[in-house]
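Structural overview for review
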Amino acid sequence: MEAKLNEDDIARLMSNPSADTRAELAGKIASQHVDLSPSERAMAEDIFRLMAKDAEVRVRKALAYQLKENSQIPHDLALVLAKDVAEVSLPMLEFSDVLTSGDLLAIIRGEDADKQVAVAKRASLPEPLANALVDTHNEKVAEALAGNPTATLSEAVLSRVVQEYGEMDSVGKKLLERGSLPVSITEQLMSKVSEQLRVALMARDDLSPEMATALLLNTRELAVLGLSEVETDAVRLTEHLHRSGRLTASIVLRSVCMGDLAFFEAAMATMARIKPENARVLIDDLSGRGFEALFEKVSLPRAFFTPMKVAISISREMAYDGGEHDRERFSRKAIERMLTHYGDLGVSLEATDLEYLLSYMNKLPAGGQNTPE
């Protein structure tokens, strides 16, 4: 095609040919807009304004498609196309940098979900628009926003998305695929997403083994307390962590010190490649050779043997009192007794594990009903 408008083009357009011809010319003229002289560009823009009022959607659609990434078109023309029906407006809303934040904000508030989704896909979307999109309370909009890697999503915006849409796999999956997530957002997601996504979340490269430990055990605690809807399959989770190299000795040690025997048993079974019920029998055999044989099979640091044995004994001896925050008090009491044995029996713990247990215990409530020992 010629890069310039010619008299034949104008004649064909003015004679009101078929809609197909008008659509063809709309695309041709719009695609050549940047190569025109100032006088030709002024003429083309007048033609664009006429085409933007064309009764045929296909004509306006062809025009919008060609102009969507043209930064030289007049603002009034871009806005007319952006306010058109979805077929015409969506390319402009997603790509045009001629539209202002004010234009886009008004369109977001117009309650047209398709247009809101298009705005959510824009490159380098600023935070005020991201906030406005969350205000739409629309899952499709949230999914598009979470899946936009260039959108400026602050911790506050991400938190809003997680709290409102985190339980929806469509949104959770997009959040999980983002390049990086603040730790607080990862923690919120742990208690919201499905088990399948939770397992994938634990395998993220930007989540250190130490943070994985804290999030994993905290999430399981919340589930037991009924503070979240999480129902984690301990065996499935430990198997995944083991495959991804994240079933660390610290995770295993900390779980048993906090009284989470279900996770501890599943972890030992996974590492030993035996059935969970068989691992449970061996763990229960503290006075004989059962637990020691299992411990040796999984090749944990020898320094962990005594603290694990003491922690298992403590958990077996203790019971829930049935009162409010029962599980929290149980964990606190278990850790307190674990740390008492740490001093009395010379139990060997890594400094990071000891610090973690002390920090966790200090977050748990004290007092209330007594926990039987």
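The preceding data block contains the structure.
Here we summarise the structure given alongside this text. All of these numbers come straight from a predicted model, not from anything done at the bench. Throughout, a residue's number is its position along its own chain's written sequence, starting from 1. The predicted nature of this model means local features are confined to residues of pLDDT at least 70 and side-chain atom pairs, given and counted, to a pLDDT of 80 or more, with totals for whole chains, interfaces and linings taken over all residues. Note: side-chain values were computed over all heavy atoms of the structure, leaving out hydrogens and water.

**Concerning the packing of aromatic side chains**
The aromatic pairing rule takes the rings of Phe, Tyr and Trp, using the six-membered ring of Trp, and pairs them if the centres are within 6.5 Å, calling planes under 30 degrees apart stacked, those over 60 edge-to-face and the rest tilted. Per the stated rule, a full pass over the model turns up 3 aromatic pairs. With a centroid separation of 5.6 Å and 20 degrees between ring planes, the pair formed by Phe291 and Phe305 is classed as stacked. With Phe291 in helix H20 (residues 290-298) and Phe305 in helix H21 (residues 305-317), this residue pair connects regions lying 14 residues apart in the sequence. The burial state of Phe291 is the same as that of Phe305; both residues are buried. For a ring to carry a charge above it, either NZ of a lysine or CZ of an arginine must fall within 6 Å of the ring centroid while also lying within 35 degrees of the normal to the ring plane. When the ring centre of Tyr65 is taken as origin, the NZ or CZ atom of Lys68, which lies over that ring, is 3.9 Å away. The side chain of Lys68 reaches across the aromatic face of Phe95, ending 5.7 Å from its centre. To qualify as a helix, a DSSP run of H or I must reach at least 4 residues; to qualify as a strand, a run of E must reach at least 2; elements of each kind are numbered from the N terminus. The cut-offs for exposure are 20% and 50% of the maximum accessible area for each residue type, with area from a 1.4 Å probe on protein chains only; residues under the lower value are buried, those over the upper are exposed, and the others partly exposed.

**Re the side chain of Glu265**
Structurally, Glu265 can be placed in helix H18 (residues 261-272). In this description, contact between two residues means that some pair of their heavy atoms is separated by no more than 4.5 Å. Those residues in contact with Glu265 that lie beyond four places of it in its chain are Ala279, Arg280, Ile283 and Arg316.

**Some remarks on the side chain of Asn148**
Relative to the helices and strands, Asn148 resides in the loop between helix H10 (139-146) and helix H11 (155-165). We classify Asn148 as buried; its relative accessible area is 5%. At 2.9 Å, the side chain of Asn148 forms a polar contact with the backbone oxygen of Ala120. In contact with Asn148, not counting residues within four places along its chain, are Ala120, Lys121, Arg122, Leu125 and Arg178. Whenever two N or O atoms come within 3.5 Å, that pair is a polar contact, provided that in protein one can donate a hydrogen and the other can accept it, and provided that, for residues adjacent in sequence, both atoms are side-chain atoms.

**With respect to the packing of H11 against helix H13 (residues 183-190)**
Relative placement of two packed helices is described by the angle separating their axes and the distance separating the axes. Every axis in this analysis is a line fitted to C-alpha atoms, fitted for helices over the stretch in contact. Angles between the N-to-C directions lie between 0 and 180 degrees. Direction vectors running N to C along H11 and H13 enclose 5 degrees, while the axes themselves pass 10 Å from each other. Considering the angle they form, H11 stands roughly parallel to H13. Along the contact surface, H11 presents Glu155, Leu158, Ser159, Val162 and Gln163, while H13 presents Ser184, Ile185, Gln188 and Leu189. Each residue gets one of three labels, nonpolar for Ala, Val, Leu, Ile, Met, Phe, Trp, Tyr, Cys and Pro, charged for Asp, Glu, Lys and Arg, and polar for the others, Gly among them. Each residue belonging to the contact of H11 with H13 can be placed in one class, and the counts come to 4 nonpolar, 4 polar and 1 charged. An angle below 35 degrees is read as roughly parallel, one above 145 as roughly antiparallel, one from 65 to 115 as roughly perpendicular, and any other as oblique.

None of the figures reported here should be taken as evidence of function without further support.
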